[in-house]
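# Topology and contacts: notes
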Amino acid sequence: MAHRPKRTFRQRRTHSSDSDSTEEPSAEPGAPGEQAAPGLGEEGPPPGGGRVEAADRHVRGRGPRSRGRGRGRVWASSRRAAGAAPRAEGGSGVPDEEGETHHSSESKDDQNSSSNSSSSLEEEFSSIAPRNEETSEESQEDENQDIWEQQQMRKAVKITEGRDLDLSYSSKPQTLKKFDTSISFPPVNLEIIKKQLNTRLTLLQDTHRSHLREYEKYIQDVKSSKSTIQNLENSSTQALNFKFYKSMKVYVENLIDCLNEKIISIQEIESSMHALLLKQAMTFMKRRQDELKCESTHLQQLSRKAETSTNESVAIDEKTQWILEEIESRRSRRRQARALCGNCDHQEGTSSDDELSSEDMIDFQETQGDILQDHKKIFEDVHDDFCNIQHILLKFQQWREKYPDSYYEAFISLCIPKLLNPLIRVQLIDWNPLKFDAIGLKQMPWFTSIEKFMANSVEDSKKEDNSDKKILPTVINKTVIPRLTDFVEFIWDPLSTSQTTSLITNCRVIHEELSTCANEVSKGKQDLLKSIVVRMKKAIEDDVFIPLYPKSTVEDKTSPHSKFQERQFWSSVKLFRNILLWNGLLPDATLQELGLGKLLNRYLIIALLNAIPGPDVVKKCNQIAASLPEKWFQNSAMRTSIPQLGNFIQFLLQSAHKLSRSEFRDEVKEIISILVKIKALNQAESFIEEYHLDHLKSIIEEV
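Per chain, residues are indexed from 1 in the order of the written sequence. Selection of residues for local features in this predicted model requires a pLDDT of at least 70, selection of side-chain atom pairs for listing and counting requires 80 or more, and totals for whole chains, interfaces and linings are taken over all residues. Values shown for side chains rest on all heavy atoms present in the structure; no hydrogens or waters enter the calculation.

## Description of the packing of helix α22 (residues 665–677) against helix α23 (residues 681–690)
Here an angle of 0 to 180 degrees is reported between the N-to-C directions of two axes, which are lines fitted to C-alpha atoms, with helices fitted over the stretch in contact. By definition, any uninterrupted DSSP run of H or I lasting at least four residues is a helix, any uninterrupted run of E lasting at least two residues is a strand, and each is numbered from the N terminus. One can describe the packing of α22 onto α23 by two numbers: an axis separation of 8 Å at closest approach and a directional angle of 150°. By the angle between their axes, α22 is roughly antiparallel relative to α23. In the packing of α22 onto α23, the handedness of the crossing is left-handed. When α22 is examined against α23, the residues Val-668, Ile-672, Leu-675 and Val-676 are found in contact with a partner set consisting of Leu-681, Ala-684, Phe-687 and Ile-688. Oblique is the label for every angle not falling under 35 degrees (roughly parallel), over 145 degrees (roughly antiparallel), or within 65 to 115 degrees (roughly perpendicular). Handedness of each helix crossing follows the sense of rotation of the near helix against the far helix: counterclockwise by less than a right angle gives left-handed, clockwise gives right-handed. By the convention used here, residues are in contact when the closest approach between their heavy atoms is within 4.5 Å.

## Quick notes on the packing of aromatic side chains
Within 6.5 Å between ring centres, the rings of Phe, Tyr and Trp (the latter by its six-membered ring) count as paired, and their orientation is classed by plane angle as stacked under 30 degrees, edge-to-face over 60, tilted in between. Under the counting rule described, the total for this entry stands at 13 aromatic pairs. Taking 6.3 Å as the distance between ring centres and 70° as the angle between the ring planes, the aromatic pair formed by Tyr-245 and Trp-399 counts as edge-to-face. Here Trp-399 lies in helix α10 (residues 389–402) and Tyr-245 lies in helix α7 (residues 238–308), a separation of 154 residues in the sequence. Residue exposure (1.4 Å probe, protein chains only): buried if accessible area is under 20% of the type maximum, exposed if over 50%, otherwise partly exposed. Looking at Tyr-245, the relative accessible area reads 31%, which means it is partly exposed. Since its relative accessible area comes to 11%, Trp-399 is described here as buried. One aromatic cluster is present, formed by Phe-244, Tyr-245, Phe-396, Trp-399, Tyr-403, Tyr-407 and Tyr-408 through successive ring pairs. Only lysine NZ and arginine CZ atoms are considered, and such an atom sits over a ring when it is within 6 Å of the ring centre and within 35 degrees of the ring normal. Taking the ring centre of Tyr-251 as reference, the NZ or CZ of Lys-395 above it sits at 5.2 Å. Directly above the ring of Phe-569 sits Lys-620, whose terminal nitrogen or CZ lies 4.5 Å from the centroid.

## Let's talk about α23
For α23, every residue scored as buried is listed here: Leu-681, Ala-684, Phe-687 and Ile-688. Within α23, the buried residues cover an arc of 130° as seen down the axis, which keeps them to one side. As for α23, its buried residues are in contact with α21 (646–660), α22 and α24 (697–701). Of the residues trailing α23, His-692 is marked for its positive phi of about 50°. The directions considered for the arc run from the helix axis to the C-beta atoms.

Here you go:
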């Protein structure tokens, strides 16, 4: 900011100062406008030359009086200068209608102002001298101050006008180019336009698809974000989840440790019980075979005595005598028991003959009692949560209900059968599937607990490969079937109807449970069925023996030869019946091979051919036919029986021919009924036509 000039001018009178203030003379010497710049920021020589110095001396001579009056006038002069400034701007700085500033008028005003200021100063300085008495120093100082202030304000106005001038030049409108009509364009073709539109449409469609993909991505992002938010909101439950999983982990580890520690004891007790039952079974088998040999040998000796016609008695050693007496003693006890029960329709040889002596029974019961006592001590020091199957399943049921996703991801349905295996084996230690009064599988506690656990499971089709519905079939396949297989291979007696019936009942339960899993391939089940077939083959080879004696020897039904032959025949029929009881569990081809091929055609038919035709033979044939499964003959279009019954049909026809010539006419009707039952219809019709038995045609017509 420029320094104020020193007040060196002499003051005019008050009326002169007031009149001159309207003219606003310039105190700057030289050219107008830019020539005033040296006064800004530095102190230049005061205007008026030497006269100014004289005035200055005169002013300094006035002293404090001039300074006091000068300060009082500054505000009034400033207000006047402020009022004069707009007039200066209005004359030189206002833009015209086209946004331009008239620089020529501005420069003229500056020049006039400068010339007027110079002339005023010259006139003023020329007349000081004569009017010193009339002019006061205060007025001169005030005028000098007013001139300086007006110059500074004029400079500021010029700078502002210059800036407005630059903006006005930059804001001139640009000249618009006119369209040249002389330019020619290519001709317009509809195909080209159509092609361009199609291209444009394709681009828009691509863009639309791209936007759709982006939109779908954003939708997925929104869903993912919402899911994340939900997970974060549920993060408070993570502590509870962690606590539950940790408790389950500790529980399962403790359960496994407990079972690993107890499995040795379980195996030892299983082995002890299996050895006890095996010993009993081997005792019965060995006794039956020894007694069969002993009795057969004794009868052979009697036959040789009859052939030699000697009156000498047959020497019998003490062991043979004791065996024969023991055999007869057991038979007598069984007869008495049947008489008390009212069972008079019984054939000798169809009983199981599995009684133990009193000493052997006591030893067996004592040993079995000791084993069962050890069996009870296995888990006596274990909490129910680790040995009770229902409690264990309840733990996993809570897991399944609270956290089903992790439950199925952990494949618990595959782990539960392995965990329950030792506990189920403990419950099966006292279970004998060959006893008719043994508890059934479906009544066992572990079976009902697993069924309840599976019933409470709510699953969808996506979890079929990891379903809880497979727990029970897996347990049966891995735990029950191996135990049944051991009983079949080492303990089961196929000649015992009670054992066979009980075994078949349990096998049917297993078959039903495993059939619920359509895709379940049970190797254990196949091994069990193979063991059953092998054991029945062995029984046919080892236990079937029907001796053949001369007809003269067996005509007497009270002779020992006849009784022995009858007992062995009915024992074979019993085995034949027991084999065919497996109908529905074993394939028909297997049963026909075992029952018909190996037993009927090889043993029973030979014994029938050696028998005397009569009511007894017809009764035996009726028993054989009654043992055959009905489903083998359910085909209504069937006129000829199955091939394996060919020998049996021929024997029936031969017996009918023989009986038709004798007084046993009623037995012929029974034979015709047997032929009709086994669907040998063609043979029955031929026999009726041959013997003109028209009254028997009704039997065929009823089929």
